[in-house]
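Fold and contact review
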Amino acid sequence: MVEIEIKFEIPSAAEFRQKILAQGAVLRKERYREENILYDFRTNELQKKAQALRVRLIGKKTFLTFKGAPQKSRRFKIREEYETEVKNYKQLRRILKKLGLRPAFRYVKFRTVFQKGKLKICLDETPIGHFCELEGDRPDIVRFARSLGIGNRDFIKLDYIQLFKMAARGEFKSRFSQPGEQLGESRHHSSSSSSSSASNSSSSSSSSSSS
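Predicted, not measured: the structure shown is a model, and the values here were computed from it. (Residues numbered from 1 in each chain as written. Predicted model: local features only at pLDDT ≥ 70, side-chain atom pairs only at ≥ 80, totals over all residues. Heavy atoms only, no water.)

Turning next to the environment of Lys29. Relative to the helices and strands, Lys29 resides in strand S2 (residues 26-41). Its relative accessible area of 40% is what places Lys29 among the partly exposed residues. For the pair Lys29 and Val113, spaced 84 residues apart in the sequence, the C-alpha separation amounts to 4.9 Å. Setting aside residues no more than four positions away along its own chain, Lys29 makes contact with Ile58, Thr112 and Val113. (Helix = DSSP H or I, 4+ residues; strand = E, 2+ residues; numbered from the N terminus. Buried < 20%, exposed > 50% of the residue type's maximum accessible area, 1.4 Å probe, protein only. Contact = heavy atoms within 4.5 Å.)

Put into structure tokens, the structure is as follows:
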């Protein structure tokens, strides 16, 4: 399938939640923790092709996702995406290792999911800021963004890995708060795990694109 999405920075996920609901969106999944691990070959072959192979851990569930190279677009991030749930994470790691793939980038975020028609709306809390991500058809994305007071110039096409790396180099800084303060209630889950993953992500020298 082809994924079309954009994201934009927001001051607070908790406050923005009410705006999303006020526009008629429905809560589909309450706030949960995601651990995302990007795999690549030692030659960084996937990164060079702008492709990504991601393992996403949500509670006891594991998902494997392949993302193709982004297609040309001025405003949207458009790429092929194929995802499947994997029942045995340990076996998956062994398979990836035997294929010559290794963890290349790791990050954690907290996500809340909403839906309005065919439009998927995600509130994401990361160590570098809070973001809203819209995924669906172009007209639906633009229409819903405008209903929230968000214009095209606020759209971000970069993925989280690119944003993490830019933040580590001092090239990206949240407009609304200081880095490291955004996870808030994530401390109830495991602040040490979150900060460790973010640190690993910032210092990693090789990455692939992912959302």
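Grouped together as the largest cluster of nonpolar side chains are 23 residues, with contacts concentrated most on Phe8, Ile20, Ile121, Cys132 and Leu134. Within the residue set of this core, elements represented by two or more residues are strand S1 (2-10), helix H1 (13-22), strand S7 (119-126), strand S8 (129-135) and helix H4 (138-147). Sequence-distant contacts of Leu134, defined by excluding residues within four places in its chain, comprise Ile4, Glu5, Ile6, Phe8, Leu119, Lys120, Ile121, Ile141, Phe144 and Ala145. Counting residues in each nonpolar core, the second largest holds 12 residues, with Ala52, Tyr107, Ile156 and Tyr160 among its members. (Core = buried A, V, L, I, M, F, W, Y, C linked by side-chain atoms within 4.5 Å.)

Right, let's talk about the layout of surface pockets for a bit. Of the pockets and cavities examined, the largest pocket occupies roughly 370 Å³. Taken together, 21 residues line the largest pocket, and the ones lying closest to its centre are Arg54, Arg56, Glu83, Arg111 and Lys120. If you list the elements that add at least two residues to the lining of the largest pocket, you get S1, S2, strand S3 (52-58), strand S4 (61-67), strand S5 (77-86), strand S6 (101-116) and S8. Here the lining of the largest pocket is built from residues that sort into six nonpolar, one polar and 14 charged. (1 Å grid on protein atoms, 1.4 Å probe; cavity = no way out; pocket = protein on both sides within 12 Å on 5 of 7 lines; lining within 4 Å. Points joined across faces, edges and corners; volume = space filled by probe spheres on them. Nonpolar A, V, L, I, M, F, W, Y, C, P; charged D, E, K, R; others polar.)

Time to look at H1. Along H1, the positions that sit buried rather than exposed are Ala13, Phe16 and Ile20. Looking down the long axis of H1, one finds its buried residues gathered within 65 degrees of arc, a one-sided arrangement. Within H1, the exposed residues directed more than 90 degrees away from the buried face are Ala14, Glu15 and Ala22. The inward-facing, buried residues of H1 contact S1, S6, S7, S8 and H4. At the N-terminal end of H1, a side-chain oxygen is found 3.4 Å from the backbone nitrogen of Ala14, two or three residues along, and the residue is Ser12. Positive phi shows up at Gly24, right after H1, with a value of about 95 degrees. (Arc of directions from axis to C-beta. Polar contact = N/O pair within 3.5 Å; in protein donor to acceptor, adjacent residues only side chain to side chain.)

For the structure shown, the criterion picks out seven aromatic pairs. Ring centres of Phe76 and Phe155 lie 6.2 Å apart, and the angle between their planes is 55 degrees; on these two criteria the pair is classed as tilted. Of this pair, Phe76 sits in the loop between S4 and S5 while Phe155 sits in the loop between H4 and helix H5 (160-168); the two residues are 79 residues apart in sequence, bridging distant segments of the chain. We note that Phe76, like Phe155, is buried. Taken together, a centroid distance of 5.6 Å and an interplanar angle of 75 degrees make the contact between Phe131 and Tyr160 edge-to-face. Highlighted residues: Phe131 in strand S8 and Tyr160 in helix H5, separated in sequence by 29 residues. Feature note: the residues Phe105, Tyr107, Phe131, Tyr160, Phe164 and Phe172 constitute an aromatic cluster, connected by ring pairs. Geometry around Tyr160 places Lys7 over its ring, the cationic atom sitting 4.5 Å from the centre. Here the basic side chain of Lys29 rests over the ring of Tyr32, its NZ or CZ set 4.6 Å away from the ring centre. (Phe/Tyr/Trp six-rings, centres within 6.5 Å; stacked < 30°, edge-to-face > 60°. Lys NZ or Arg CZ within 6 Å of the ring centre and 35° of its normal.)

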